[in-house]
Structure formats: structure tokens, C-alpha cells
Amino acid sequence: MSEPLLRADELSRRFGGLVAVDRVSLSLSRGEIHALIGPNGAGKSTLANLLSGELKPTSGSIRLGESDVTGWSADRIARQGVARTFQHTNVFPAFSAFENCRLAAQARATGLPGMLRDADRHEEWNSVAHAALAATGLASRETILAGVLAHGERRGLEIAMALATAPSVLLLDEPLAGMGPEDVAGVIALLRGLRERHAMLLIEHDMDAVFALADRLTVMANGRVLASGAPEAIRANAEVQHAYLGTLDDVLP
Amino acid sequence: MRARVVFVLIAVVLLAAFPMVAEKFYLQLVTKIMILSIFALSLDVLVGYTGLVSLGHAAYFGVAAYSLALLAPSDNAANVWVTLPLALAASAAAALVIGALVVRTAGVYFIMVTLAFAQMVYYFFHDTRVAGGSDGIYVNERPQTFIPGLDLANDAHFYYAVLMLLVLVFALLAAMLRSPFGRALQGIKANERRMRALGYATLRYKLAAFVIAGTLAGLAGYLTAAKEGYVNPEMLAWHQSGTVLMMLILGGMGTLIGAVLGTFTYVLVQEWFSGITRHWQLLMGAFIIAVVLVLPQGLAGLARARARRSPAPRPPGDANE
């Protein structure tokens, strides 16, 4: 296994008296899908917000490659190669699917942004955007306004936008939420293809998808890491069975 | 798109032909409207394209106007090539300093803080003797470019200079809004959090927009001081900020044509109403409310409202509706 690209050590985040994330350590490596599961309110999205810089940790540290990025702003962390998708679809509804991805590709430009040249004439961003849309099966939907896309397509657009920023680390917050079975199969295949060149954190409730994709699994409950390890080990872990998987099996048919 | 270009070209041709038929009063009136159009366009960069509602935009308008008044010699004409860059730099510097503080706020706080800073600038000129206090200060002669054949003291020459600047500002902004920078501003207006997650340092973009808007407001302020030959603190009072915001709402925020259309409509309707009654503000208020109710997107929304009535299919849930 290669050196971790992203590594969180003893990360905590308090909201007043509530400890949403409590001394969580985890690492993401290139070529590996690290799945994060846990019941609602376990602190998974808060952890994603800490790793992406949208929230500052109360304590603990985050390393990205060689740099200590603890306390960095979200945009600076994003420019260092960390892309994320949101649990609640977060696209630009009034822009076309293409413009959503073109804007994402443009975010990687260094130096001063052009002030007078038409943004659509920057071929390098156009081709990145086209490629990201093609990878997520949206090539035929480029001109459609994002707000008009079907739900599954908008979830796909979230991923396409993340890809268009050419990231090395992908933080995917429930990418399959609300998707139909066919779309789910497509996204699983897509993520499998992305594994080789990215370090990935996959927060997901769909256990079939999680066990189909994950190389490593971390289970969170009440802000803490309950267990972490290979998927087979987690599946056999009695504590996890009891705290999480068991209850789900009780609820789901 | 093509219809818009044709509309703009026809408007420019009509404006260019206007001095051949117009009386002096109307020539000066349209000159004033074109200057205020530059002012409204500058505010549109903030309000319409970046989503920053400033209620203190008159400060940058007034700073450049005062700069000309303070720089102009009392007994002959100021040099445009010296005083205009200095006046614009003064407005840009004010926008940079104030902007660096205000772009950290959002929503109603942004409105309040821009207003507060503008009032500080207002009271600086109103309560000190730096530039005539509440009485204001005269610009005795219109600035000159010293280009042979161009005499800005001549109202027709000045009219054409202003028209040329309006066309230039319009064209520059149209290009800027299609550029990577302009697209980023529109992304920030739509969803700033998402832009940050993509890697945009949104504060820097907002500050750049604030300085560009302030500088262009300064151009309008400079031209106003040159045209009127007189500057007073009312030019940077919150009334002035509110008026230009109303012009923008009337015309339609987020479209360049709307900013110009709103300015023309506002000033012409104001002329008409103030000929009817001294209490023209009452009529103006009713007029603006009526327009906003019927055309939520302002006058620029007229073309779109007509397109909607046509049978052409439109995607459901179009966010522009």
C-alpha cells in the first residue's frame, strides 16, 4: 500500500456541548476506496466538512501529502487537490450541465483569471469538462440546465464537477442517495474505474454498494470510530453488528 | 442574443444622431442620463452579477467627483489625462479599503456595512472644510483633453465623449462578464459555498468586483462633476445610492441593457412627474411598485415575458423565469 495522501489524526469538532466528531483518525491512500458508514447523526458529514476545510477542527490535525493543512480554508484545500460532493445536491441550477463542469475545471487555473477573453474559448477547460461529463454518462445532457436534470443525473453532475477539478482526493458524501438501481450500478462502475488514480472517501448508506467497493471500512457512531479495517473483518465484528448493521437488517427487508 | 446586439446597435445609432435634432435642454438631459447609466452599470456588476447588494455605491461616485473639484485649477481647465486617472485611482483606493472589510460580510449585513461606510465618507465631506463642507465646491471650467478639435466645454462635444465612454464601459463589461472572471462572479452569486468547495478564493473575486464597480462609479462621478461644474456632499449621500439601486431594479438586475434602460426610464419619468407635481416622489414610488409587480425582472424582462407567451417550448423549472 502506498503512503496515505490524506491523513487525519485525532480529529475533533465540538458544537457547544455536543462533540460531533470525537478524536477520529483515518487515512486515505491512492488506489483505495475507504468507506465510512454509520447511522444518521454519527458525524460522517461533519468529518467530511472537516477534511474539506468547510469546518475548522476543534483539535487534531490533517495532513495532505507533505503539508499540514489543519485550519486551511476550503478553497485552499480544494486547490491542493481535494474535491468533494455534497450529500444534498449542490450544483448551479441556472447554469447548463456543461457550464457547471467548465466552472469546476476553471477553478484549477493558476494566476490571474482572464478578464476579457470569452471563457468558452479556453479549450483546455472545455475538454476537461467534456471528459468529466462523458465519464458520468452525461455527455448528451451538456446543454441542459442543471436545475432541470433528473435527480440521478444531478447526482452524477455532482461527481462530474468534482472530477473536473482534477483532484487526487475525492470525498464523496452519499453519492448514491435517492438514485434508482440502474444509476447506482453506473456510479459503482464509475467509482471502481476512478479507484486506481484517486484516494477516495465514500460515505454511503447503501451497504451493497459499500461492500462491493470498499477496500477499507470505518464505522462511526456518536462521533467516534467504532471499528476500522477490512470489509470482511467489519462484517464479522459483533459490536458493529449490534450497533449498526444489525439494526439496519432489522429495519430493512 | 442576436436580437440584443441589434437592439444595442440601434440604440447607439439613435443616441449618436440625437444632438442633430435636440434642443440644448434635452442634450444636457440625455448627457446626464448616459453618465448615470455608467453609474448604474457599475452597480450592476455588484448587485446583478456578484449578488452583493451595496447601499453605499454613491461613495465612490462622490470621491471621484470631489477629486476633480479639488484637483482642478480655479482659473483654467483641468487636464483630463491627469485628473481622470487620479480621480479613478481615488475611487479605486476607497473601494479597495472599504471593500476589503465589507466583502467578509453577507446579506443584510453587507447592505448595512456598505451604507455605514458611505455615510462616513459623506460626513467627512459634509462636516469638514476640506472641500467646502455642506456648501460644496465649484469646478470652474470643464476639464479638457487638449485634443485639437475636441472642446469638452461645448455641450455637443461633451455629449459625444460621454456616449463614447458609455459604449466603451458597456462593451468592456459585456466582455468581462463572459470571461473566466465574470463567470466566477456569477457562480459566486448563484452559490458561493459551492464555489469555495471547487477551489475559488471567493473573497478575492468579490473584492476585485467591488474595486471594478467602485472605479466605474468614479468615472460617472468625475463626468458628473465635469458636466455640472459643481460638487456637493449630496452626491455621495445614501439618497444617491438608493436612487441608482432603484434604476437598476426598474431596468432589471443582472442585465447590462436593463441597467441602461432603467436609468433612462427613471430620469425621464422623473422629469415628467416633476412637471406634474412637486410631490413627484409619490408618483415615482407608485410607478416603481407597479413595474416591479408586473415585471419582476424589470424592463429588461419585457422581452423575455413576450418570448414566454410565444408557443416555443421551454424547459420546465427554468431558473431564469
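Residues numbered from 1 in each chain as written. Chains lettered and ligands numbered in written order. Predicted model: local features only at pLDDT ≥ 70, side-chain atom pairs only at ≥ 80, totals over all residues.

Looking only at helices and strands, chain A features nine helices and ten strands. Taking 253 residues into account, the globule formula puts the C-alpha radius of gyration at 18 Å, and chain A, at 18 Å, falls close to it. Projected onto its principal axes, the C-alpha coordinates of chain A cover approximately 60 × 40 × 35 Å. Evaluated residue by residue, chain A yields a buried proportion of 47% over its 253 residues. Considering only residue pairs separated by 6 or more positions, chain A has 69% of its internal contacts joining residues 24 or more positions apart. (Helix = DSSP H or I, 4+ residues; strand = E, 2+ residues; numbered from the N terminus. Rg over C-alpha atoms; globule rule 2.2 N^0.38 Å. Buried ≥ 20, exposed ≤ 12 C-beta atoms within 10 Å, placed from the backbone. Contact = placed C-beta atoms within 7 Å.)

Moving on to the overall build of chain B. Within chain B one finds twelve helices and two strands. The helix and strand sequence of chain B, counted from the amino end, reads α-α-α-α-α-β-α-α-α-β-α-α-α-α. For a compact globule of 321 residues, the expected C-alpha radius of gyration is about 20 Å, and chain B comes in at 20 Å, within 12% of that figure. For chain B, the C-alpha atoms occupy an extent of roughly 65 × 45 × 40 Å along the three principal directions. Per-residue burial over chain B gives 45% buried out of 321 residues. At a minimum sequence separation of 6, the contacts of chain B that also span at least 24 residues come to 76%.

Here we come to the interface of chain A and chain B. Frequently, the measure chosen for interface size is the accessible area that the parts lose on association. Contacts between chain A and chain B engage 28 residues on the former and 25 residues on the latter. For the side of chain A that touches chain B, the secondary structure elements donating two or more residues are α2 (74-79) and α3 (97-106) of chain A. A total of four residues in the side of chain A that touches chain B trace back to one element, the largest contributor, which is α2(A). Looking at the side of chain A that touches chain B residue by residue, the class counts come to 15 nonpolar, seven polar and six charged. (Nonpolar A, V, L, I, M, F, W, Y, C, P; charged D, E, K, R; others polar.)

Attention now goes to unusual backbone geometry. One non-glycine residue, A:E174, adopts positive backbone phi at about 50°. Mapped onto the secondary structure, A:E174 falls in the loop between β7 (169-173) and α6 (181-195). Unlike most non-glycine residues, B:F146 shows phi in positive territory, near 60°. Mapped onto the secondary structure, B:F146 falls in the loop between β1 (137-138) and α6 (155-178).

So, on to the sheet that holds strand β5 (residues 67-68) of chain A. All names here are of chain A. The four strands are arranged β2-β1-β4-β5 in an open sheet whose pairing can be described as antiparallel. On the outer flanks of this sheet lie β2 (18-29) and β5, each paired with one strand and no other. Pairing of strand β4 (residues 59-64) with β5, which is carried by two bridges, proceeds in the antiparallel orientation. The residue bridging R63 from the neighbouring strand is D68, located in β5. (Pairing = 2+ DSSP bridges.)

Moving on: the nonpolar core. One finds A:C101 and B:L68 to be the most contacted residues of the largest nonpolar core, which totals 170 residues. For this core, the element with the most residues is helix α8 (residues 202-228) of chain B, which contributes 15 residues. With residues near it in sequence (within four places) discarded, A:C101 still touches A:A129, A:A132, A:L133, A:A160, A:M161 and A:A164. (Core = buried A, V, L, I, M, F, W, Y, C linked by C-beta atoms within 7 Å.)

All right, on to the packing of helix α2 (residues 24-50) of chain B against α8(B) then. All names here are of chain B. Closest axis-to-axis distance for the α2/α8 pair is 9 Å, and the angle between their directions is 170°. By the criterion of interaxial angle, the relationship of α2 to α8 is roughly antiparallel. For the pair α2 and α8, contact is made by T31, K32, I35, L36, I38, F39, L41, S42, L43, V45, L46 and T50 and by K206, A209, F210, I212, A213, L216, A217, L219, A220, L223, T224 and K227, respectively. Class assignment of the residues belonging to the contact of α2 with α8 gives a composition of 17 nonpolar, four polar and three charged. (Axes fitted to C-alpha atoms, helices over the stretch in contact; angles between N-to-C directions. Parallel < 35°, antiparallel > 145°, perpendicular 65-115°, else oblique.)

All names here are of chain A. Pairing of strand β9 (residues 216-221) with strand β10 (residues 224-229) involves five bridges; the strand directions are antiparallel. The residue bridging A221 from the neighbouring strand is R224, located in β10. Adjacent in sequence and paired antiparallel, β9 and β10 are bridged by two residues, among which N222 carries a positive phi angle near 50°.

As a further point, take the sheet that holds β9(A). Residues and elements named next belong to chain A. Strand order in the open sheet formed by six strands is β6-β7-β8-β3-β9-β10, with mixed pairing between adjacent strands. Among the strands making up the open sheet, the edge pair consists of β6 (82-85) and β10. Here the strands of the sheet are splayed against their neighbours by 15° on average, with no regard to which way each runs. Pairing analysis gives four bridges linking β6 to β7, with the strands arranged parallel.

Residues and elements named next belong to chain B. Topologically, S134 is positioned in the loop between α5 (107-127) and β1. Judged by the 10 C-beta atoms lying within 10 Å of it, S134 falls in the exposed class. Separated by twelve residues in the primary sequence, S134 and Y122 have C-alpha atoms spaced 9.8 Å apart. Apart from residues lying up to four places away in sequence, S134 is in contact with H126 and P233.

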